[in-house]
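Commentary on secondary and tertiary structure
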Amino acid sequence: MAPEYLFVVRHGATEANVKGIDAGPLDYPLTKKAVKQASFIAKTLSGIKMGAVYSSPVFRAVETAEILARPHELKVRELEELTEAKLKPKFVGKKGRHHILTTPDAFSETNEQLLERTTEAIEIIRKESDGNVIAVSHGDVITAMLERVVERKVSDEKYYVLHPNPGALSVINIKDRPFLVLYNYRRKMFAEF
């Protein structure tokens, strides 16, 4: 049985996040607050049967994934395709936040390569796993993964990717540049899984 749902989680915050440092592949542990946040997500997902937990091999992602895997008594599978967008070495560990869409020259891979890598990650997870799956990764990687799904580039079929359920709440921040804050939230939504 192929995976039905992929629960995508960004790793918890580290001191690098707090201080505005580009951590890249460096090993920064989670903050106490991040451990609490990951524990909350773990509890939220604990009633949903999971078949696998995948993670970027970067320490902060693995640490988050291990917290999420505990209630399911699963071992974390590291997947290189989920690793952080490949920041050029001269930016790693330095102050300043770079994102592949807004500062592409700071990266040794293109956004298109990142999009391809995330599509490959989804395909690997589909082939290797049964049941629901948790995947822990990084901001740019998750954004790329969602972009592929929203643009329907993981299937040739025409279908609605974003279609809200009746009575569901979605939130869009429209102050500066619009971005999706919350999509399709509804009471007891996790009871469906």
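Residues numbered from 1 in each chain as written. Predicted model: local features only at pLDDT ≥ 70, side-chain atom pairs only at ≥ 80, totals over all residues. Heavy atoms only, no water.

1. Digging into the environment of glutamate 73
Going by this rule: Helix numbering and strand numbering both begin at the N terminus, where a helix is a DSSP run of H or I of at least 4 residues and a strand a DSSP run of E of at least 2.
For glutamate 73, the position within the fold is in the loop between helix H3 (59–69) and strand S3 (76–78). As for glutamate 73 and alanine 52, which are separated by 21 residues in sequence, their C-alpha atoms are 9.8 Å apart.

2. Observations concerning the sheet that holds strand S4 (residues 132–137)
Basically, it comes down to this: Pairing between strands requires that DSSP locate at least two bridges from one strand to the other. Helix axes are fitted only over the stretch in contact, all axes being lines through C-alpha atoms; the angle between N-to-C directions runs from 0 to 180 degrees. When checking whether two residues touch, look at their non-hydrogen atoms; a contact exists if any pair is within 4.5 Å.
One open sheet accounts for four strands, arranged S1-S4-S2-S3; its pairing is parallel. In the strand order of this sheet, the two ends are held by strand S1 (6–10) and S3, each with one partner. Between one strand axis and the next, the sheet turns through 25° on average, direction left out of account. For S1 and S4, the ladder comprises five bridges, and the chain directions are parallel. Across the sheet, residue leucine 6 finds its bridge partner in S4, namely valine 133. Lying on the sheet, helix H5 (residues 139–150) is in contact with S1 and S4; it crosses S1 at an angle near 150°.

3. Examining helix H4 (residues 111–128)
Heads up, the condition is: Multiplying 1.5 Å by the residue count of a helix minus one yields the expected span of that helix. When a residue's accessible area, from a 1.4 Å probe over protein chains only, is under 20% of the maximum for its type it is buried; when over 50% it is exposed; and in between it is partly exposed.
Along its 18 residues, H4 runs 26 Å from first to last C-alpha, staying within 8% of the 26 Å computed at 1.5 Å per residue. Where H4 is concerned, the buried positions are Asn111, Leu114, Leu115, Arg117, Thr118, Thr119, Ala121, Ile122, Ile124 and Ile125. Tucked into the core, H4 has its buried residues touching S1, strand S2 (50–55), S4 and H5.

4. Observations concerning the side chain of threonine 119
Quick reminder of the rule: Identification of polar contacts relies on pairs of N or O atoms within 3.5 Å, with a donor-acceptor requirement for protein atoms, meaning one able to donate a hydrogen and the other able to accept it, and with residues adjacent in sequence counted only if both atoms are side-chain atoms.
Relative to the assigned elements, threonine 119 resides in helix H4. According to the relative accessible area criterion, threonine 119 is buried, its value standing at 14%. At 3.0 Å, the side chain of threonine 119 forms a polar contact with the backbone oxygen of leucine 115.

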